Amino acid sequence: MTTALDRYRISSRRRDRKAESANIRLDLQGLRAAAILVVFTHHLWGQPNGGFVGIDIFLVLSGYLVTAALLRGGKHSKTMAVGHFFWGRVLRILPAAIVVLLLTYVAALLVFPQSRAEQVGVDALLAAVFAANWHFAFLGAAPFASPISASPLQHFWALSVGEQFWLVWPVLILAAAMIAAALAWSQARRTALVAATAGVLVVASLAWSLYSTASTPDWAYFNTFARVWELGVGALLATAAGLLARTPASVNPLLSWAGVAAIGASVVLIGETTVGYPAPWALLPVAGAALVIAAGVGGEPQFQPLLRNRVSTYLGDIAFALFLVHWPVIVLLSAVMHSNIYFYASALCLSFGLALLLHHLVEKPMRHASR
């Protein structure tokens, strides 16, 4: 007789095979879930103190996942289809983002004074072309402004940094592919050239981030050049996949849990008043995310229920949608409600409800259309 435990094991094996065939790592979905949850709870309750480092985790993940996809695509041709990549990014990112921008502007017209609503309209226009980070930097926006005074679209700065990087990085990979093709280099040498390019980018950006954080920390927070190193770390991990895949299976769970521990330490040790953020303090969550990513390159680590359970992976699925909607909900509700139990309950219900609708009705259909 098949027991409940047997059925669970069979279901888990099917789930693992399905994820593997779709090039989806369940532990990274769980990492996405952890990142959005600490960002959300920090924005809503102010706890954990360093919950905003979830953004650093997202940047490393983005650098790894997209670079890995680009390198996989490049294996089948001497060059890569940059146009196809950009169109895929548009379908995956822009529809959901535009829906949130439009709805946020309409809501702002209803709940804000005219002058503030008009400013939200300007914020939305610049966010739509992925220039939000520079926009808020030039406005002198406080990185940790309270919902009472902040723009409901200020969180789009992180999306803008990522998309600016993805406008340039694929072209650099294409250039490396063309050089390798002209010199009749092997795939390994072409990957090494991409790795060297990423390494230079990481060193230069981190150096600038250290300098900029020391002199103008608010500017460094929004500055693309002070943040690109975090995406670059993810890109470096993607180029090192062949080497990382040789890590003994017995070591991978230790690496994964060490990464989780580093991330946990970062949300406790780093806070809004911490001197030295984004650099050097962002090195801690970035290193944590890098360890989790590295641990599963050759096969997902065993004994990692925290990241690989069904709840975590589903939250990872809706993480992008939840990231887009949670901050506008918090800011707009702050304009019409006091901070009490009803406010928090409303923010939770609206954020998750809207995220589910956005994910299943907009983001997921567009993701399939991009394939």
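Structural data are supplied above this passage.
So, how was this worked out
Residues numbered from 1 in each chain as written. Predicted model: local features only at pLDDT ≥ 70, side-chain atom pairs only at ≥ 80, totals over all residues. Heavy atoms only, no water. Axes fitted to C-alpha atoms, helices over the stretch in contact; angles between N-to-C directions. Helix = DSSP H or I, 4+ residues; strand = E, 2+ residues; numbered from the N terminus. Parallel < 35°, antiparallel > 145°, perpendicular 65-115°, else oblique. Contact = heavy atoms within 4.5 Å. Phe/Tyr/Trp six-rings, centres within 6.5 Å; stacked < 30°, edge-to-face > 60°. Buried < 20%, exposed > 50% of the residue type's maximum accessible area, 1.4 Å probe, protein only. Core = buried A, V, L, I, M, F, W, Y, C linked by side-chain atoms within 4.5 Å. Polar contact = N/O pair within 3.5 Å; in protein donor to acceptor, adjacent residues only side chain to side chain.

A. View of the packing of helix α6 (residues 132-139) against helix α7 (residues 156-182). Here α6 crosses α7 at 125°, and the two axes come no closer than 7 Å. One element, α6, and the other, α7, form an angle in the oblique class. Seen from α6, the contacting residues are A132, N133 and W134; seen from α7, they are F156, W157, S160, V161 and Q164.

B. Quick peek at unusual backbone geometry. That bond from Q47 to P48 is cis: its omega, -5°, falls within 30 degrees of zero. Looking at where P48 falls in the secondary structure, it is placed in the loop between α2 (26-45) and α3 (54-74). With an omega dihedral of 15°, the bond running from Y277 to P278 counts as a cis peptide bond. Turning to its location among the elements, P278 is positioned in the loop between α12 (252-269) and α13 (283-295). At F130, a residue that is not glycine, the phi angle is positive and equals roughly 60°. In this fold, F130 is placed in the loop between α5 (114-128) and α6.

C. Focus on the packing of aromatic side chains. Throughout the structure, instances matching the rule amount to 19 aromatic pairs. With centroids separated by 4.9 Å and ring planes inclined at 50°, the aromatic side chains of W157 and Y221 adopt a geometry described as tilted. Separated by 64 residues along the polypeptide, W157 in helix α7 and Y221 in helix α9 (residues 217-222) bring together distant segments of the chain. W157 sits in the buried class, given a relative accessible area of 4%. Judged by centre distance (6.1 Å) and plane angle (50°), the rings of Y221 and Y277 are tilted.

D. Region of the structure containing the nonpolar core. In terms of nonpolar packing, the biggest core is built from 97 residues, with L31, F156, L159, W166, W169, L324 and L358 touching the most fellow members. For this core, the element with the highest residue contribution is helix α16 (residues 319-334), accounting for 13 residues. Dropping the residues within four chain positions of it, L31 is found in contact with I57, L61, I263, A289, V292 and L307.

E. The side chain of S160, seen in detail. Mapped onto the elements, S160 comes out in helix α7. The exposure class assigned to S160 is buried, which follows from its relative accessible area of 0%. From its side chain, S160 meets the backbone nitrogen of A132 in a polar contact 3.1 Å long. Setting aside chain neighbours within four positions, we find S160 in contact with F130, A131, A132 and N133.

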